[in-house]
Amino acid sequence: MIPTPHINVAEKGIIAETVLLPGDPLRAKFIAENYLDNPVQFNSVRNMYGYTGTYKGKKISVKGTGMGMPSIGIYSYELIHFYGVKNLIRIGSCGSLQKDVKVRDIVVGMAACTNSNYANQYNLPGTFAPVASWELLRKAVDIAGQKGIDVKVGNILSSDTFYDDDPEDWKKWARMGVLAVEMEAAALYMNAARAGVNALCILTVSDSLVSHEATTSEERQNSFTQMMDIALELA
Ligand code: HPA
């Protein structure tokens, strides 16, 4: 069934087997224009831009996912099931839940807790633990080590809410050792698990719920560059 309802690509080979997934479609455009050779735009439905180009000669795509689990759930499902994508690497931002996870740090999501009901669709007789692909996780940590980039690896929270009714809720996740909060990884990890493909989530810390610090967009650039160095090498 291609083109799919949300990606107007009529042929399978146009999207690479490895796709980088920022939330912001304009970030996808920026990455395509600044990091890929010969980028060609493949999607414009809902302005959720996607591009395919090459990096060091290897074919790679980059596509916006939008915010939240339903949105990344749709795009990752279509990429996996209709376009043959095998490696899905989310690159995004997160809020720190721990004192020693500072703004501008890089967090790699080994697993993703969630307050969402996304897993309900699988009718499991219990709860599911969404985890990253071990292959991608190990490779990302190796690459970071080789490049001298410090990364914090651990559990993250994929929240359905950015504005919580109880502003103290995050502390309950923090005391379980969860490093940071974002809004997409758990759905990505579940879609990948169900389909038997690989997913990983790499994040820069844009703000801290602990210290209430936030980064400016200029300050974010350096950690964004480091995150991109890891993601592109991984691809
Ligand atoms: N909450 C949820 N998602 C986020 C945050 C946050 O504080 N910061 C960046 N992404």
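Bear in mind that the values here come from a model prediction, so they are computed numbers and not experimental data. (Residues numbered from 1 in each chain as written. Predicted model: local features only at pLDDT ≥ 70, side-chain atom pairs only at ≥ 80, totals over all residues. Heavy atoms only, no water.)

A.B. asks: Explain the UniProt feature "binding site: a purine D-ribonucleoside" (unreviewed entry) in the chain to me, please; I cannot follow it from the model alone.
C.D. replies: Cross-referencing UniProt, the feature "binding site: a purine D-ribonucleoside" (unreviewed entry) maps to His6, Glu182, Met183, Glu184, Ser206 and Asp207 in the present numbering. Spanning 202 residues, the annotated positions stay apart in the fold, the maximum distance between their C-alpha atoms being 31.0 Å. Take Ser206: its relative accessible area is 9%, and that puts it in the buried class. For Ser206, the residues in contact, after removing those within four places along its chain, are Ser93, Cys94, Val103, Ala214, Thr215 and Arg220. With respect to the secondary-structure elements, Asp207 resides in strand β9 (residues 198-208). Setting aside anything within four residues of it in sequence, one finds Asp207 in contact with Cys94, Gly95, Ser96, Val103, Glu213 and Ala214. (UniProt positions renumbered as here; feature names shortened; annotations may be inferred. Buried < 20%, exposed > 50% of the residue type's maximum accessible area, 1.4 Å probe, protein only. Contact = heavy atoms within 4.5 Å. Helix = DSSP H or I, 4+ residues; strand = E, 2+ residues; numbered from the N terminus.)

A.B. asks: What am I meant to see in the site of the ligand here?
C.D. replies: Neighbouring residues of the ligand: Ser93, Cys94, Gly95, Phe162, Val181, Glu182, Met183, Ser206, Asp207 and Leu209. Within the backbone of Gly95, a nitrogen or oxygen atom sits 3.3 Å from a nitrogen atom of the ligand. Between the ligand and Asp207, the relevant distance is 2.8 Å, taken from a nitrogen atom to a side-chain nitrogen or oxygen of the residue. Protein chains shield 87% of the accessible area of the ligand, which is 260 Å² for the free molecule. Listed by contribution, the elements that provide at least two residues to the shell around the ligand are β5 (87-96), β8 (180-182) and β9. The biggest single contributor to the shell around the ligand is β5, with three residues. Of the residues belonging to the shell around the ligand, the class tally is five nonpolar, three polar and two charged. (Near = heavy atom within 4 Å. Polar contact = N/O pair within 3.5 Å; in protein donor to acceptor, adjacent residues only side chain to side chain. Areas by Shrake-Rupley, 256 points an atom, 1.4 Å probe, with all protein chains shown as cover. Nonpolar A, V, L, I, M, F, W, Y, C, P; charged D, E, K, R; others polar.)

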